[in-house]
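Below are the chains, spelled out letter by letter.
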Amino acid sequence: MAEFVYTSCMSELPITQINFRPGVIDLGMGNPDFDLLPVELLHRSANEYFKANDTRPLQYGIEQGDGYFRQSLAGFLSPKYGDEVDPDSLFITSGASSALDLLCTLYTKPGDVIFVEQPTYFLALRIFEDHSLQVVSIPMDADGMRIDLLEQRLVEHTPKFIYTIPIFQNPSGRTLSTSRRQKLVELALRDNFLVVADEAYQFLTYSQKQTASFAVYTPEHEQVISVNSFSKILAPGLRLGWIQAHDTVISRLSGCGLLESGGGMNPYTSALVRGLIESGGLDENISNLQRVYSKRRDAMDAALHSHLPQAEYAIPGGGFFFWVRIPGVDAAELRRKAQEFMVDFRQGALFSSQTGMREYLRLGFCYYDPDEIKEGIFRLSNSIESFR
């Protein structure tokens, strides 16, 4: 029998998207810390899977996703949503990005109009660009998307869908209020557009009561689609997520040519994560992340107060990011200057389809420990002083 050896080494060959100069503190990171990736939990789950000697997850999978996994996932979601989740309302994806791309493929054509929040997740804008969609931005305030302004835009445009990140939004950290959620769904029903809710930060709450998912609307309304992922609560490299939607949407997704050819997405990874869910490992990991990230968030808040008293921001109740305004500073120019001080971030203009938000910075607290966060903010403060 052949002997298999996996050599673990820090080679120069590329493996991850993480690529910055040694010594740089990149506060723009939206990735989890390597030390928080649950290697031991996944190891235990993989061992149990191989003991079972079940080869089915190594085959082409059923289009909607492994039925046992969807059953386990529904069991995980039900107590968190306060309602019974039907496994048949779930469609398994290769993460939120692939879900968004698939929805664009099936529900839009080049030239169609979609609405997004201002600001919004900058890499989602890249996906929309790939599909040649016209993007119209809707401003936000402390309670999320301005529904009054949305109604004005609906007089001018007929969108195929609205893309919203309603919980601890990337980059702003804001959460869409309950009353605005309800009004958004009413408008979607009235004008027959989709609401695509990217809820990747749903379970990463630190200082406020968990907000209900848009999934609560999906049993009755085919216009509402909830997208979620294991990237933030387990590991991005698993490339595993889910869509929760009305059965007409699930049927359309499951019947597309991509899945008829390649089968359901990530059946093997689904089998491993199923074991984590059923053992309680997923809940254990989320609890650990909430403890760690809460401390890192507080460290960033303290560092901003100490080193950047001019900064304007709201403390996020969950998620990964601070959305910080530095009055009078062009963040894109500042970012170039910050390289000299071995610190980085993401400038606000990236998150605008209209090249606005020039005074804003997205700062992430998920990747570094509190001491590194404090040092990063100190370096950023020095770069601003030098910039001026």
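None of the values given here were measured: they were computed from a predicted structure.

1. As for the side chain of Ser172
Phase 1: Mapped onto the elements of the fold, Ser172 is located in the loop between strand E6 (161-164) and helix H6 (178-191).
Phase 2: Owing to a relative accessible area of 9%, Ser172 belongs among the buried residues under this scheme.
Phase 3: Here Gln169 takes part through its side chain, which lies 2.6 Å from a polar atom of the side chain of Ser172.
Phase 4: From its side chain, Ser172 meets the backbone nitrogen of Arg174 in a polar contact 3.2 Å long.
Phase 5: When neighbours within four sequence positions are excluded, Ser172 is seen to be in contact with Pro119, Met140 and Trp323.

2. A closer look at the sheet that holds strand E7 (residues 194-198)
Two modes of strand pairing occur in sheets, parallel and antiparallel, and in both the strands are linked by backbone hydrogen bonds.
Phase 1: With mixed pairing, eight strands are arranged side by side in an open sheet as E2-E9-E8-E7-E6-E3-E4-E5. Across the chains shown, the open sheet's two edge strands, defined by having one partner strand only, are strand E2 (90-93) and strand E5 (144-145).
Phase 2: As judged from the four bridges shared by E2 and strand E9 (residues 241-245), these two strands associate in the antiparallel manner. Along E9, the bridge assignment pairs Thr93 with Gly241.
Phase 3: Contacts from helix H2 (residues 67-81) reach E2, strand E8 (224-229) and E9, with the element oriented near 115 degrees to E2.

3. Concerning the sheet that holds strand E12 (residues 346-347)
Phase 1: Taken in spatial order, the three strands line up as E10-E13-E12 in an open sheet, and their pairing is antiparallel. Each edge of the sheet is formed by a strand with only one pairing partner; in this case those strands are strand E10 (321-325) and E12.
Phase 2: Judged from the two bridges that link them, E12 and strand E13 (residues 360-364) form a sheet pairing that is antiparallel. When the bridges of E13 are listed, Gln347 appears paired with Leu361.

4. A closer look at the side chain of Asp301
Phase 1: Within the element layout of this structure, Asp301 appears in helix H10 (residues 281-307).
Phase 2: Buried and without a salt bridge, Asp301 has Arg297 as its closest oppositely charged side chain, separated by 7.0 Å.
Phase 3: Within polar-contact distance, the side chain of Asp301 engages the side chain of Tyr313 at 2.6 Å.
Phase 4: Apart from the residues lying within four places of it in its own chain, the contact partners of Asp301 are Tyr313, Ile315 and Phe322.

5. Here's the deal with the nonpolar core
Phase 1: Judged by nonpolar contacts, the single largest core of 63 residues is most densely connected at Leu73, Leu77, Phe230, Tyr293, Met300 and Leu363.
Phase 2: If one sorts the elements of this core by residue count, H10 sits on top with seven residues.
Phase 3: Non-local contacts of Leu363, meaning those with residues more than four positions away in its chain, are made with Leu27, Met300, Leu304, Phe320, Phe321, Phe322, Val324, Phe345, Ile377 and Leu380.
Phase 4: Core analysis: the next-biggest nonpolar cluster, separate from the first, contains 31 residues, Phe91, Ile114, Phe128 and Val196 among them.

6. A look at the packing of aromatic side chains
Aromatic rings considered in pairs are described by the distance between their centres and by the relative angle of their planes.
Phase 1: A complete count under the given rule lists 23 aromatic pairs for this structure.
Phase 2: Look at Tyr49 and Phe50: their rings are 4.9 Å apart centre to centre, the planes differ by 65 degrees, and that puts the pair in the edge-to-face class.
Phase 3: Judged by its relative accessible area of 8%, Tyr49 falls in the buried class.
Phase 4: Among the aromatic side chains, those forming a connected cluster through ring pairs are Tyr121, Phe122, Trp323, Phe351 and Tyr360.
Phase 5: Between Arg252 and the ring centre of Tyr107, over which it is positioned, the NZ or CZ distance is 4.3 Å.

7. Observations concerning the packing of helix H5 (residues 147-156) against H6
Phase 1: Their axes nearest at 10 Å, the elements H5 and H6 cross at an angle of 15 degrees. On the basis of their axis angle, the class for H5 and H6 is roughly parallel. For the element pair H5 and H6, the recorded crossing hand is right-handed. Residues Ile147, Leu150, Glu151 and Leu154 of H5 form the contact with H6, whose own contacting residues are Arg180, Lys183, Leu184, Leu187, Arg190 and Asp191.
Phase 2: By residue class, the composition of the contact of H5 with H6 is five nonpolar, no polar and five charged.

8. What about helix H1 (residues 39-52)?
Phase 1: Over its 14 residues, H1 runs 20 Å from end to end, which matches the ideal 20 Å to within 8%, given 1.5 Å per residue.
Phase 2: All of the buried residues in H1 are Leu41, Leu42, Ser45, Ala46 and Tyr49. Angular distribution of buried residues about the axis of H1 spans 130 degrees; they occupy a single face of the element. For H1, exposure combined with an orientation more than 90 degrees from the buried face picks out Val39, Phe50 and Lys51.

9. So, unusual backbone geometry
Phase 1: A cis amide bond, omega 10 degrees, links Gln118 with the succeeding residue Pro119.
Phase 2: Following the sequence through the fold, Pro119 ends up in the loop between strand E3 (113-118) and helix H4 (122-130).
Phase 3: For the bond from Asn170 to Pro171, the omega torsion is 20 degrees, close enough to zero to count as cis.
Phase 4: Structurally, Pro171 is set in the loop between E6 and H6.
Phase 5: At Asn192, a position not held by glycine, the phi torsion is positive, near 60 degrees.
Phase 6: Relative to the elements of secondary structure, Asn192 occurs in the loop between H6 and E7.

10. Things to note about H5
Phase 1: Along H5, the positions that sit buried rather than exposed are Ile147, Leu149, Leu150 and Leu154. Here the buried residues of H5 occupy an arc of 150 degrees about the axis, which is enough to place them on one side. In H5, the exposed residues that point more than 90 degrees away from the buried face are Val155 and Glu156.
Phase 2: Packed against the buried residues of H5 are E3, strand E4 (134-141), E5, E6 and H6.

Rules of the game
- Residues numbered from 1 in each chain as written.
- Predicted model: local features only at pLDDT ≥ 70, side-chain atom pairs only at ≥ 80, totals over all residues.
- Heavy atoms only, no water.
- Helix = DSSP H or I, 4+ residues; strand = E, 2+ residues; numbered from the N terminus.
- Buried < 20%, exposed > 50% of the residue type's maximum accessible area, 1.4 Å probe, protein only.
- Polar contact = N/O pair within 3.5 Å; in protein donor to acceptor, adjacent residues only side chain to side chain.
- Contact = heavy atoms within 4.5 Å.
- Pairing = 2+ DSSP bridges.
- Axes fitted to C-alpha atoms, helices over the stretch in contact; angles between N-to-C directions.
- Lys, Arg positive; Asp, Glu negative; His and termini not counted.
- Salt bridge = Lys/Arg side-chain N within 4 Å of Asp/Glu carboxyl O.
- Core = buried A, V, L, I, M, F, W, Y, C linked by side-chain atoms within 4.5 Å.
- Phe/Tyr/Trp six-rings, centres within 6.5 Å; stacked < 30°, edge-to-face > 60°.
- Lys NZ or Arg CZ within 6 Å of the ring centre and 35° of its normal.
- Parallel < 35°, antiparallel > 145°, perpendicular 65-115°, else oblique.
- Left-handed = near helix turned anticlockwise from the far one by under 90°.
- Nonpolar A, V, L, I, M, F, W, Y, C, P; charged D, E, K, R; others polar.
- Expected span 1.5 Å × (residues − 1).
- Arc of directions from axis to C-beta.

Just distances and angles here, no functional claims.
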